Amino acid sequence: MRVLICDDEFIALDSINKIISQYFIKHNISSKIITESDSTKVMAEQKAFDMAILDVEMPSYSGLEIARHLMTLNRNTIIFIITSHDTYLDNAMDLRVFRFLPKPIDKERIYSGLDSAIKLYNENTRVLLTDGSTSQRVYVRDILFITISKRKTLVVTVDDEIISDRSLAQWKDILPSACFAQPHYSYLVNLRNIERLDKNLIILKKNNGESVKVTVSQRKYKDFNNRFLNYIAQENF
């Protein structure tokens, strides 16, 4: 896990770094923690992170501006914002900030937030077994669909296409059933990423704007459509 801590106050930066490092050691979590006091350096770099702890008020760029930058590189970045007041809450909510950490920094509150963040991170990622011994971690929410490819499966995400050694049946067991359903015996589709559903066709979209089409079998359409409508209802609720 790649983690960024950005705070222009060196004492706070060091304190947060120690707390998070101790947490990862205690929970045996492999991580690389980057600390930075200069917001301009973070904005100048094209480095993606899984998690970021950002002070909201800094010279040059605010924590919210950095958060927007980081989420263009990885939309699944888990963002913690450190703030002394609620002036920035509306803008932070637009960014779907994961947690707010008030100053002075409280170790137990950070630990509690990290517990939830790690749970979210683990729930939204899976290790793909690719050809040979290579493994790759991909966000579940970024999967568009999985389909049979010879004796393996092809995992199509918003950015990539990856061959996996797992069978479609194994993927069904691994992925959350609330989000994935089969419109056809050879496909497993992520309901959250459907752009349009017709009786014969599902339209999904990649990050580059390219549309991807998946066939719906007549026999499975009714059940799949019900699953999709139930998912939308739960998501909106």
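Rules of the game
Residues numbered from 1 in each chain as written. Predicted model: local features only at pLDDT ≥ 70, side-chain atom pairs only at ≥ 80, totals over all residues. Heavy atoms only, no water. Salt bridge = Lys/Arg side-chain N within 4 Å of Asp/Glu carboxyl O. Helix = DSSP H or I, 4+ residues; strand = E, 2+ residues; numbered from the N terminus. Buried < 20%, exposed > 50% of the residue type's maximum accessible area, 1.4 Å probe, protein only. Contact = heavy atoms within 4.5 Å. Phe/Tyr/Trp six-rings, centres within 6.5 Å; stacked < 30°, edge-to-face > 60°. Expected span 1.5 Å × (residues − 1). Polar contact = N/O pair within 3.5 Å; in protein donor to acceptor, adjacent residues only side chain to side chain. Pairing = 2+ DSSP bridges. Axes fitted to C-alpha atoms, helices over the stretch in contact; angles between N-to-C directions. Arc of directions from axis to C-beta.

Draft legend 1. Molecular detail of the pattern of salt bridges. Going through the model one piece at a time under the given rule, you end up with nine salt bridges. The partner of Asp7 in a salt bridge is Lys103, and the shortest N-O contact between them spans 3.7 Å. With a gap of 96 residues between them, Asp7 in the loop between strand 1 (2-6) and helix 1 (10-26) and Lys103 in the loop between strand 5 (99-102) and helix 5 (107-123) connect regions that are remote in the sequence. On the basis of relative accessibility, which here comes to 0%, the residue Asp7 falls in the buried class. The salt bridge partner of Asp165 is Lys152, with a shortest N-O separation of 3.4 Å. Of this pair, Asp165 sits in the loop between strand 10 (161-164) and helix 6 (168-174) while Lys152 sits in strand 9 (residues 152-157), and the two are 13 residues apart along the sequence.

Draft legend 2. Representation of the side chain of Asn190. With respect to the element layout, Asn190 can be found in strand 12 (residues 187-190). If near-sequence neighbours (up to four positions away) are discounted, Asn190 is found in contact with Val140, Arg141, Ile143, Leu144, Cys179, Phe180 and Leu204.

Draft legend 3. The packing of aromatic side chains, seen in detail. Applying the stated rule across the entire model yields five aromatic pairs. Ring centres 6.4 Å apart and planes at 80° place the aromatic pair Tyr121 and Tyr139 in the edge-to-face group. Residue Tyr121 is located in helix 5, and its partner Tyr139 is located in strand 7 (residues 135-139); the two are separated by 18 residues in the primary sequence. Tyr139 carries the same exposure label as Tyr121, and that label is buried. One aromatic cluster in this structure is built from Tyr23, Phe24 and Tyr111.

Draft legend 4. Spotlight on helix 5. Between its first and last C-alpha, helix 5 extends 24 Å over 17 residues, near the 24 Å set by a 1.5 Å rise per residue. The residue sitting at the N-terminus of helix 5 and contributing the capping side-chain oxygen is Asp106; that oxygen lies 3.3 Å from the backbone nitrogen of Glu108.

Draft legend 5. Quick look at the sheet that holds strand 13 (residues 194-197). Pairing is antiparallel in the open sheet, where three strands are placed in the order 13-14-15. At either margin of the open sheet sits one strand with a lone partner, and together these are strand 13 and strand 15 (211-215). For this sheet, the mean inter-axis angle between neighbouring strands, taken without regard to orientation, is 25°. Bridge count for strand 14 (residues 201-205) against strand 15 is five bridges, and the pairing is antiparallel. Across the sheet, the residue bridging to Ile203 is Lys213, located in strand 15.

Draft legend 6. Representation of the environment of Phe224. Turning to its location among the elements, Phe224 is positioned in helix 7 (residues 218-236). Remark: the alpha-carbon pair of Phe224 and Phe180, spanning 44 residues in sequence, is separated by 9.8 Å. For Phe224, the residues in contact, after removing those within four places along its chain, are Ala181, Gln182, Pro183, Val189, Leu191, Ile194, Leu197 and Ile202.

Draft legend 7. Helix 1, seen in detail. For helix 1, with 17 residues, the first-to-last C-alpha span of 24 Å sits near the 24 Å given by 1.5 Å per residue. Of the residues making up helix 1, those classed as buried are Ala12, Leu13, Ile16, Ile19, Ile20, Tyr23 and Phe24. The buried residues of helix 1 all sit within an arc of 135° when viewed along its axis, so they share a single face. Across helix 1 from its buried face, at more than 90 degrees, point the exposed residues Phe10, Ile11, Ile25 and Lys26. Those residues of helix 1 that are buried are in contact with strand 1, strand 2 (32-36), strand 3 (51-55), strand 4 (78-83) and helix 5. Phi turns positive one or two residues past the end of helix 1, at Asn28, with a value near 55°.

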